[in-house]
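Spelled out from the first residue to the last, the chains are:
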Amino acid sequence: MTAKKSTKDDPKNRQTVTPWKVETAWEKLSAAELKQLEAYCADYIRFLSDAKTERLAHDIALAMAQKAGFVDMDELAAAGKKLKAGAKVYRSYHGKTLFLAQIGKEPLEKGLSLIGAHIDSPRLDAKPNPLYQDDCMALLDTHYYGGIKKYQWVTIPLALHGVVIRRDGTKVSLNIGEDPGDPVLTITDLLPHLGAEQGRKNLSEAFSGEALNVLVASRPVPKDDGDKDYKERTKLRVLRLLKDTYGIEEEDFASAELELVPAGPARELGLDRSMIMGYGQDDRVCAYATIRAILDAKGIPGRTRAAVICDKEEIGSYGATGMDSRFMENTVAELAALMGDSYSELTVRRALARSRMLSADVNALHDPAFPEVSSPNNMAKMGCGIVISKYTGARGKSGSSDASAEFVGEIRRIFNDAGVAWQMGELGKVDCGGGGTIALYLARYGMDVVDCGVGLLSMHAPQESASKVDIYMGYKAYKAFFEAK
Ligand code: MN
Ligand code: MN
């Protein structure tokens, strides 16, 4: 093809070219909106500090929804009720996954406006028989959950959260290490004086998963203090403490979910207080925005709005409470039964296939400390707004659902119209690694899905960091998506 000489080459006829600028979002905010940003971020810091596990995040979100007038779908179904436009409903699943919906004016088969985030985060889980004694110390054996850099989890204060189902079937909840008056737990590390050989190993070899043992006690029970046959006297002290405080026996560990997470609250970060640092921002930063967006979205929508915050993303979305389960499909079927006069499977299939979804998950920010893995023009930058990721995956987009240009175009239009600061983002340099989200588990129904979330520094570390303006733009973006025509 030969380029024809165009009359536009004449400077008089030349058209204006608009550059694509990704710039800091702070300057786009009015004084009034900056105030809203600070109020939202203060609420978020409280949520992040309290929602240390998927169960706690679920419970807090459920309480927020109930306060906002959302009612239990399963109870409505049992009572034979039908839903009208504007109705607000929820469905809780095993106390770990939560679905919220606001019924729209259009029939369900037109599809949902859906946002989904996950509320599980990388952590250390106690093994089923965790408690043992070594020398005079009592320790908890753990198995890590999700992708962690193990060296980051030693020598930090840890809190213990979770539930134990006792022999008689009763459930007891544990929360140790968050209150400033509580003791904390920790994993020890070798002193540098003896660390010469450890220092020569590479990072993944220097810290083994099996060695992540949590120190929980060091004071033995005196030998003359009963239970004479019990040789491990420090372990005995822990068992007595558990029995006295919680009514827990050692065998009860078999039916328990005990999670060790970084202790203490989330904080403002930076001399200018422009960022937030805390545990579990992947993906509770998007989960909180998702919940707040559906609670705050104005008016009765055309398409039914739905939000789901789910479990098990960090280990591949498997299990009953992960997005690979039929939870979502079953819940849309329940909705169809509650909304229509006669239930039809075709309605459910159409509703799912015609839905439009934001997969609300975090993305990595460009970190100037690690330029060797960064793709600077295509990695998100701190403070420049919510990140849209057309695709995720690894090495040739493997495992990605890759959103269509048409759908990305629609989302971009919604965000631009609502004054949402947004940027495109990719995880990093091609062939350096990769990651996935829940997007593909919803894309399987044929719906349009795109990943869209807040950018983080130090993702999966015990303390993750994010910009307040990006956090706020997450909320604003999700609300705009729900309110869009
Ligand atoms: Mn995530
Ligand atoms: Mn993650």
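*Asks:* Outline the overall build of the protein, listing residues and values.
*Replies:* Across its full length, the protein holds twelve helices and 22 strands. Here the C-alpha atoms of the protein give a radius of gyration of 25 Å, agreeing with the 23 Å that 2.2 N^0.38 yields for 485 residues. Put simply, of all contacts in the protein between residues at least 6 apart along the chain, 76% involve residues at least 24 apart. Accessible area of the protein: about 23500 Å², with a carbon and sulfur share of 52%. Computed over 63 positive and 67 negative side-chain charges, the inter-centroid distance for the protein is 6 Å.

*Asks:* Got a sec to walk through the pairing of strand 12 (residues 275-278)? Specific residues and values, please.
*Replies:* When strand 11 (residues 267-269) meets strand 12, the two strands line up antiparallel, connected through three bridges. Note on strand 12: the bridge partner recorded for Leu269 is Met275. Between strand 11 and strand 12, which pair antiparallel in sequence order, lie five residues; one of them, Gly270, sits at a positive phi of approximately 100°.

*Asks:* How would you explain the coordination of the manganese ion (ligand 2) if you had to name every residue and give the values?
*Replies:* Protein-derived ligands of the manganese ion (ligand 2) are Asp282 (OD), Glu314 (OE), Glu314 (OE) and His460 (NE2), with the metal-ligand distances lying across 2.1 to 2.6 Å. Mapped onto the sequence, the donors of the manganese ion (ligand 2) take the spacing D-x31-E-x145-H. The class for Asp282 is buried, based on a relative accessible area of 3%. Among the residues examined, Glu314 registers a relative accessible area of 13% and is labelled buried.

So, how was this worked out
- Residues numbered from 1 in each chain as written.
- Chains lettered and ligands numbered in written order.
- Predicted model: local features only at pLDDT ≥ 70, side-chain atom pairs only at ≥ 80, totals over all residues.
- Heavy atoms only, no water.
- Helix = DSSP H or I, 4+ residues; strand = E, 2+ residues; numbered from the N terminus.
- Rg over C-alpha atoms; globule rule 2.2 N^0.38 Å.
- Contact = heavy atoms within 4.5 Å.
- Areas by Shrake-Rupley, 256 points an atom, 1.4 Å probe, with all protein chains shown as cover.
- Lys, Arg positive; Asp, Glu negative; His and termini not counted.
- Charge placed at Lys NZ, Arg CZ, Asp CG, Glu CD.
- Pairing = 2+ DSSP bridges.
- Donors = N, O, S within 2.8 Å, 3.2 Å for Na, K, Ca; no water.
- Buried < 20%, exposed > 50% of the residue type's maximum accessible area, 1.4 Å probe, protein only.

These figures come from the coordinates and say nothing about function on their own.
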